[in-house]
Amino acid sequence: MVLSDYVTTFGQDLLKRYGERVHKITINAGFTCPNRDGTKGKGGCTFCNNVSFSPNVRQTALITDQLETGRQVIAKRTKAKKFLAYFQAYTNTYADIQYLTDIYEQALSEPDIVGLSIGTRPDCVPNKVLDLLASYKERGYEIWLELGLQSAFDTTLDRINRGHSLAEYQQAIRAAKLRNIPVCTHIIIGLPGEKRQHNLTSLERILELGVDGLKLHPLHIVKHTVLAKQWRQGEYQPLDKLDYITTAVDMIERTPANIIYHRVTATASTEILLTPIWCNEKWSVLNGITTELHRRNSKQGVKA
Ligand code: SF4
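First, a word on scope: everything that follows refers to the structure included in this document. (Residues numbered from 1 in each chain as written. Predicted model: local features only at pLDDT ≥ 70, side-chain atom pairs only at ≥ 80, totals over all residues. Heavy atoms only, no water.)

Let's talk about the packing of helix α3 (residues 97–108) against helix α4 (residues 127–138)
Item 1. As a packed pair, α3 and α4 sit with axes 11 Å apart at the nearest point and diverge in direction by 20°. Taken together, the axes of α3 and α4 are roughly parallel relative to one another. When the axes of α3 and α4 are compared, the crossing they make is right-handed. Facing Ile 97, Leu 100, Thr 101, Tyr 104, Glu 105 and Leu 108 of α3, the residues of α4 in contact are Lys 128, Val 129, Leu 132, Leu 133 and Tyr 136.
Item 2. Residues belonging to the contact of α3 with α4 are distributed by class as follows: eight nonpolar, one polar and two charged. (Axes fitted to C-alpha atoms, helices over the stretch in contact; angles between N-to-C directions. Helix = DSSP H or I, 4+ residues; strand = E, 2+ residues; numbered from the N terminus. Parallel < 35°, antiparallel > 145°, perpendicular 65-115°, else oblique. Left-handed = near helix turned anticlockwise from the far one by under 90°. Contact = heavy atoms within 4.5 Å. Nonpolar A, V, L, I, M, F, W, Y, C, P; charged D, E, K, R; others polar.)

A look at the nonpolar core
Item 1. In terms of nonpolar packing, the biggest core is built from 72 residues, with Phe 87, Tyr 104, Leu 116 and Ile 289 touching the most fellow members.
Item 2. If near-sequence neighbours (up to four positions away) are discounted, Leu 116 is found in contact with Leu 84, Ala 85, Phe 87, Tyr 104, Ala 107, Leu 108, Tyr 136, Glu 142, Ile 143 and Trp 144.
Item 3. Counting residues in hydrophobic clusters, the runner-up holds 10 residues, among them Phe 47, Ile 188, Ile 221 and Tyr 236. (Core = buried A, V, L, I, M, F, W, Y, C linked by side-chain atoms within 4.5 Å. Buried < 20%, exposed > 50% of the residue type's maximum accessible area, 1.4 Å probe, protein only.)

Some thoughts on the packing of aromatic side chains
Item 1. The tally for this structure, following the rule as stated, stands at five aromatic pairs.
Item 2. For the ring pair Phe 10 and Trp 144, a centre distance of 5.6 Å and an interplane angle of 80° mean the geometry is edge-to-face. Residue Phe 10 is located in helix α1 (residues 10–18), and its partner Trp 144 is located in strand β4 (residues 142–150); the two are separated by 134 residues in the primary sequence.
Item 3. By relative accessible area, Trp 144 is classed as buried at 4%.
Item 4. The interplanar angle of 75° and the centroid separation of 5.4 Å between the aromatic rings of Phe 87 and Tyr 104 together place this pair among those described as edge-to-face. Here Phe 87 is found in strand β2 (residues 82–87), whereas its partner Tyr 104 is found in helix α3, with 17 residues between them in sequence. As far as burial versus exposure is concerned, Phe 87 and Tyr 104 are alike and both buried.
Item 5. In this structure an aromatic cluster arises from ring pairing among Phe 87, Tyr 104 and Tyr 136.
Item 6. Looking at Lys 24, its charged tip hangs above the ring of Tyr 86, at a distance of 4.1 Å from the centre. (Phe/Tyr/Trp six-rings, centres within 6.5 Å; stacked < 30°, edge-to-face > 60°. Lys NZ or Arg CZ within 6 Å of the ring centre and 35° of its normal.)

Notes on the side chain of Lys 215
Item 1. Mapped onto the secondary structure, Lys 215 falls in strand β6 (residues 213–218).
Item 2. Among the polar contacts made by the side chain of Lys 215, one reaches the side chain of Glu 146 at a distance of 2.8 Å. (Polar contact = N/O pair within 3.5 Å; in protein donor to acceptor, adjacent residues only side chain to side chain.)

What follows is the structure in structure tokens.
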């Protein structure tokens, strides 16, 4: 009994399409974020840790060196020979187009890199960036635009200081779909003021727009954040593991089977995670989701 018996997972989808394992290698290209530098806001989202925040885009290791380190780490676990370069840290479209072209193409120039996953904010994907990504897709690369939405409720987005609205997300996904760029949207379960029904409504609104992939995350409380302060002052109660599993399964059941789950939980660095500690028991959470789907005699899409 494994998760992919019940859920359309990204790993299995890639395996089917490429005939072999394709792994992601995470890249930190030293980006900043417009919600930190004052362009959109200051201080960032209330849950975002800023310890590793680097305002200098040139300070990080070369993309090719990061890819090589990633290959070596993955080689200890699997025999994967193909990889996706995952530009993950902060806002990976937040620079001028020439710089973006340089760093994306550094990754694509490696023969074992089959494509890119680009993590960013919905208010940070101008047409020229989308055109660039569409041109890679036309050249046959695997391209994913990962949009952090977290909630489809503007009241929640305001409360967590996201600095963008649902309307900006709607505009971004429509512009990406026009160019045939697959979009994976991130949703957080356990945001302040939200209950299970908020997550289900967020999912419904996102699905209506034709999303191709989803990532679910539990809300982590990490050091040096506004959320940590709110938690210490008793203004926020973290989610418990059972609630997370139940809500994630409810969402999976309501997601059509052709939508790819890139992730159904996430961990945080133990050095900065304050609570809930169960977030870091990744396998226990994944097993909990699988067991719950099995117990319900259910699977992705049964309630879509
Ligand atoms: S958009 Fe992302 S990087 Fe920027 S403040 Fe929010 S969580 Fe942090």
